Protein chains: 2
Amino acid sequence: MDTVYLNGDYLAHDEAFVSVDDRGFIFGDACYEAIVAHQGRFLLVDRHLRRLRSALAEIRIDFDAREIEELLPELIRRNSLDNADFAMVYVQVTRGVAPRAHAFPDPTTSPTVYAYAAQLTRATEAEFEAGSTAVTFPDLRWLMPRIKTTGLLPNVLAQEAAAQAGAVDVVLHRDGVVTEGAHNNIFIVKDACLITAPADDMILPGVIRGCVIEMAREAGITVEEAHFTLEDLFSADEMFFSGTTTEIRPTVIVDGRRIGTGAPGPLTRRVRSLYDAAFGSWHT
Amino acid sequence: MDTVYLNGDYLAHDEAFVSVDDRGFIFGDACYEAIVAHQGRFLLVDRHLRRLRSALAEIRIDFDAREIEELLPELIRRNSLDNADFAMVYVQVTRGVAPRAHAFPDPTTSPTVYAYAAQLTRATEAEFEAGSTAVTFPDLRWLMPRIKTTGLLPNVLAQEAAAQAGAVDVVLHRDGVVTEGAHNNIFIVKDACLITAPADDMILPGVIRGCVIEMAREAGITVEEAHFTLEDLFSADEMFFSGTTTEIRPTVIVDGRRIGTGAPGPLTRRVRSLYDAAFGSWHT
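Note that this is a predicted model, so its numbers are computed, not measured. (Residues numbered from 1 in each chain as written. Chains lettered and ligands numbered in written order. Predicted model: local features only at pLDDT ≥ 70, side-chain atom pairs only at ≥ 80, totals over all residues. Heavy atoms only, no water.)

A short note on the overall build of chain A
1) Next: The helix and strand tally for chain A stands at 8 helices and 16 strands.
2) Next: For chain A, the C-alpha radius of gyration of 19 Å lies close to 19 Å, the compact-globule estimate for 284 residues.
3) Next: C-alpha atoms of chain A, sized along the principal axes, occupy 55 × 40 × 35 Å.
4) Next: Put simply, 71% of the contacts in chain A that link residues at least 6 apart link residues at least 24 apart.
5) Next: If you sum the accessible surface of chain A, you get close to 11100 Å²; carbon and sulfur atoms cover 49% of it. (Helix = DSSP H or I, 4+ residues; strand = E, 2+ residues; numbered from the N terminus. Rg over C-alpha atoms; globule rule 2.2 N^0.38 Å. Contact = heavy atoms within 4.5 Å. Areas by Shrake-Rupley, 256 points an atom, 1.4 Å probe, with all protein chains shown as cover.)

Spelled out as structure tokens, the structure:
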């Protein structure tokens, strides 16, 4: 049984419970982050914590993220994941336990902090070469998806549509304009240019998305943050999903239609190389 | 300490806990209803259960709502609310407990059913006569608000804006087009006509909203289900919120501006009389 973190305590996972009055359970009044580690070294932890702090500030949950900096290595240690090639810590902060009423509770209410660690499996070289699959689905989310809230029913329904179709990822779109995946971002390649939806409040600007944009530009690749349509996607030369647990995942089939040549393309390979090479500088 | 219902058991409220892996806590993957009772007699329970069944079917949580029909009177009894003038039972059904992954879990996963009862206070005659207050706030919700999901962060932020302003309710709007309140519906009166937003997927069609429309039409009042703007609302003759716990609440100040004469108007009073007179026929 793995060990989880709950409000300062380390507990067996199956002994970790929250009150039915927790605003995370009653209202989805919570934010979360997922941070990965390689052999116990966390990746881009500063960017994740900055995003969490900013989300909590935006929804006005008063919380000191230093608690998370401390629990991250401890959860990895207690779950014997120090030597795991690829592990994840999931952290969720809710507005705490209070009688049900929509408006914020008494300001003395303490946030609930829950975290667990898990081993992940990276895609094999063969899986990368084969390319992955996706389906399209309407983006039904609220109008502040930049806040990583646990109110994820729209993402659940989207990801389930992929599962039903035997596909791996989802291409979310608002009236035909592509936004992102259910838990990752989307890049397409057109005429040797990388294109991804702009961080204009209609997407969650992923940490890896930001790194891909920076690395690609430094390497002399043209990157456009611009709206693109499903039509643009279907006629793209290449396409991939990026994300903390997704890494760089080339997609070659969407809704049963072939994207580009039907194999991971040269720019996707280049981005993946840049990503692999950057690990050292991202560790803390 | 009141008694709550959790997965077949009746427990002290402060001893009711759910797993951190409950999809209600992790994903807001849940629906809920609030049903009121007068002296132990439930109001419009069939309509509430029909809406819950339909929401659960839409998000594909497989659940037999007969469990709820049984727990409703039992919770009232165990909390000695049989003689309460106005009480409420809140019921929440989640997709159950499973390791975190967006797509639906193993189909054998049992839904989590949680319910509690509480005494409510009806507005006094003096409060009705004084009229109530509201503020406007952007409707940031997802695109399926007809599903009464617990992913309520947009509603929480809206209701908190009202609380900050010392107001009671919120007028939600999408780019100036009024949708509804944070947990109730909105009617305005123009030239002796009742107007409320259409049940066209951008609102949650409230049970009391439906009853008001039916009763008003039967009484010969013209009712239009039509989009109206903030401008229409500010220039309306009258305005009220309707809802299961809201009942019929005249609003006379919005964003500090007076609506109509600044007192509950004749059509609002007529609707309130129809509402009060209908109780007998709504009880089961």
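On we go.
Regarding the relation of the copies chain B and chain A
Between the two chain copies there is a screw-like relation: a rotation about an axis and a shift along it.
1) Next: Structural alignment of chain B on chain A gives an RMSD of 0.0 Å, achieved by rotating through 180° and translating 0.0 Å along the axis. Such values leave the two copies arranged in the relation of a two-fold axis.
2) Next: An overlap of 100% is found between the interface residues of chain B and their copies at the interface of chain A, pointing to a shared contact surface. (Least-squares fit on C-alpha atoms with pLDDT ≥ 70 in both.)

Focus: the layout of surface pockets
Residue and element names in this part refer to chain A.
1) Next: Approximately 380 Å³ is the volume found for the second largest pocket.
2) Next: Lining of the second largest pocket is provided by 20 residues; of these, Arg 122, Ala 123, Thr 124, Thr 246 and Arg 249 occupy positions nearest its centre.
3) Next: Counting only elements with at least two residues in the lining of the second largest pocket, the list comes to α4 (125-130), β15 (247-254) and α8 (266-282).
4) Next: The greatest single-element share of the lining of the second largest pocket, amounting to 4 residues, is contributed by β15.
5) Next: Residues that form the lining of the second largest pocket fall into these classes: 7 nonpolar, 6 polar and 7 charged. (1 Å grid on protein atoms, 1.4 Å probe; cavity = no way out; pocket = protein on both sides within 12 Å on 5 of 7 lines; lining within 4 Å. Points joined across faces, edges and corners; volume = space filled by probe spheres on them. Nonpolar A, V, L, I, M, F, W, Y, C, P; charged D, E, K, R; others polar.)

Describing the interface of chain B and chain A
1) Next: Across the contact, 52 residues belong to chain B and 52 residues belong to chain A.
2) Next: For the pair chain B and chain A, the summed buried area comes to about 4300 Å², and 69% of that belongs to carbon and sulfur atoms.
3) Next: Between chain B and chain A we count 0 salt bridges in total.
4) Next: At the boundary of chain B with chain A, the tally comes to 17 residue pairs in polar contact (both at pLDDT 80 or more).
5) Next: Going through the elements one at a time, β3 (17-19), α1 (23-26), β6 (87-94), β7 (112-119) and α5 (153-164) of chain B are the ones with two or more residues in the side of chain B that touches chain A.
6) Next: Top element by residues in the side of chain B that touches chain A is α5(B). It accounts for 9 residues.
7) Next: Considering only residue class, the side of chain B that touches chain A consists of 26 nonpolar, 15 polar and 11 charged.
8) Next: The sheet contact formed by strand β3 (residues 17-19) of chain A and β3(B) spans 3 bridges and is antiparallel. Bridge pairing links A:Ser19 to B:Phe17 in β3(B). (Buried area = accessible area lost by both parts, 1.4 Å probe. Salt bridge = Lys/Arg side-chain N within 4 Å of Asp/Glu carboxyl O. Polar contact = N/O pair within 3.5 Å; in protein donor to acceptor, adjacent residues only side chain to side chain. Pairing = 2+ DSSP bridges.)

Quick word on the packing of aromatic side chains
1) Next: Applying the stated criterion across every chain, the model contains 15 aromatic pairs over all chains.
2) Next: For the pair A:Tyr114 and A:Tyr116, a centre-to-centre distance of 6.1 Å together with 35° between the ring planes defines the contact as tilted. Per residue, the accessibility class of A:Tyr114 equals that of A:Tyr116, and both read buried.
3) Next: An aromatic cluster is defined as three or more aromatic residues linked by ring pairs; in this entry it consists of A:Phe25, B:Tyr32, B:Tyr90, B:Tyr114 and B:Tyr116.
4) Next: The aromatic ring of A:Tyr10 is capped on one face by A:Arg78, whose charged end is 4.1 Å from the ring centroid.
5) Next: A cation over an aromatic ring shows up here: B:Arg272 above the ring of B:Phe128, its NZ or CZ 3.8 Å from the ring centre. (Phe/Tyr/Trp six-rings, centres within 6.5 Å; stacked < 30°, edge-to-face > 60°. Buried < 20%, exposed > 50% of the residue type's maximum accessible area, 1.4 Å probe, protein only. Lys NZ or Arg CZ within 6 Å of the ring centre and 35° of its normal.)

Overview of the sheet that holds strand β5 (residues 41-42) of chain B
All names here are of chain B.
1) Next: Pairing is antiparallel across the open sheet formed by 6 strands, whose spatial order is β2-β1-β7-β6-β4-β5. The two strands at the open ends of the sheet, each matched to only one other strand, are β2 (9-12) and β5.
2) Next: Bridge count between β6 and β7: 8 bridges; the pairing is antiparallel. Each residue of the ladder has a partner; that of Gln 92, found in β7, is Tyr 114.
3) Next: Its contacts with the sheet put helix α3 (residues 66-78) on β1 (3-6), β2, β4 (30-38), β5, β6 and β7, and the angle it makes with β6 is roughly 140°. (Axes fitted to C-alpha atoms, helices over the stretch in contact; angles between N-to-C directions.)

Remarks on the nonpolar core
Within soluble globular proteins, side chains that are nonpolar generally end up buried alongside one another.
1) Next: Core analysis: the largest hydrophobic core is formed by 167 residues, its most contacted members being A:Val89, A:Leu194, A:Trp282, B:Val89, B:Leu194 and B:Trp282.
2) Next: Excluding residues that lie within four positions of it along the chain, A:Leu194 makes contacts with A:Phe187, A:Ile188, A:Val189, A:Val212, A:Ala216, A:Ile221, A:Thr222, A:Val223, A:Glu224, A:Phe240 and A:Val271. (Core = buried A, V, L, I, M, F, W, Y, C linked by side-chain atoms within 4.5 Å.)

Some words on the confidence of the model for chain A
1) Next: The predicted model of chain A averages 96 in pLDDT, with 100% of residues at 70 or higher.
2) Next: Listed scores for the predicted complex are pTM 0.97 and ipTM 0.97. (pLDDT = per-residue confidence, 0-100.)

Let's talk about the sheet that holds strand β6 (residues 87-94) of chain A
All names here are of chain A.
1) Next: Spatial ordering of the open sheet is given by β2-β1-β7-β6-β4-β5, a layout of 6 strands whose pairing is antiparallel. Because the sheet does not close on itself, it has two edges, and the strands there are β2 (9-12) and β5 (41-42).
2) Next: Looking at chain direction, strand β4 (residues 30-38) and β6 are connected through 8 bridges and run antiparallel. Bridging across to β6, Ala 30 finds its partner in Thr 94.

Details of the side chain of B:Glu180
Residue and element names in this part refer to chain B.
1) Next: Structurally, Glu 180 is set in the loop between β10 (177-178) and β11 (185-190).
2) Next: Polar side-chain contacts of Glu 180 include one of 2.9 Å to the side chain of Arg 141.
3) Next: Here the side chain of Glu 180 touches Asn 185 through a polar contact of 3.3 Å, side chain to side chain.
4) Next: If we skip the residues at most four places from it in the chain, Glu 180 touches Arg 141, Val 170, Val 171, Leu 172, Asn 185, Ile 186, Met 202, Ile 203 and Leu 204.

Quick look at unusual backbone geometry
1) Next: Positive phi, normally seen in glycine, also occurs at A:Asp175, with a value near 50°.
2) Next: Despite not being glycine, B:Asp191 has its phi angle at roughly 45°, a positive value.
3) Next: Classification of B:Asp191 as exposed rests on a relative accessible area of 71%.

Remarks on the environment of A:Ala162
1) Next: Mapped onto the fold, A:Ala162 is located in helix α5 (residues 153-164).
2) Next: Taking C-alpha positions, A:Ala162 is 8.6 Å from A:Phe137, a pair spaced 25 residues apart along the chain.

Remarks on helix α6 (residues 207-218) of chain B
Residues and elements named next belong to chain B.
1) Next: The terminal C-alpha atoms of α6 lie 17 Å apart, and with 12 residues this matches the ideal 16 Å at 1.5 Å per residue to within 8%.
2) Next: Taking burial as the measure, the 12 residues of α6 include 9 buried ones, the bulk of the element.
3) Next: Within α6, burial applies to Val 207, Ile 208, Arg 209, Gly 210, Cys 211, Val 212, Ile 213, Met 215 and Ala 216.
4) Next: Gly 220 lies just past α6 and shows a positive phi near 85°. (Expected span 1.5 Å × (residues − 1).)

Considerations on the pattern of salt bridges
1) Next: Inspection of the entire model under this criterion finds 40 salt bridges over all chains.
2) Next: A salt bridge links A:Asp139 to A:Arg174, with the shortest nitrogen-to-oxygen separation between them at 3.8 Å. You can see A:Asp139 sitting in the loop between β8 (132-138) and α5 and its partner A:Arg174 sitting in strand β9 (residues 169-174), a full 35 residues away along the chain. Exposure class is identical for A:Asp139 and A:Arg174. Each is buried.
3) Next: Where B:Glu214 meets B:Arg47, a salt bridge forms, and the shortest distance between an N and an O atom there is 3.0 Å.

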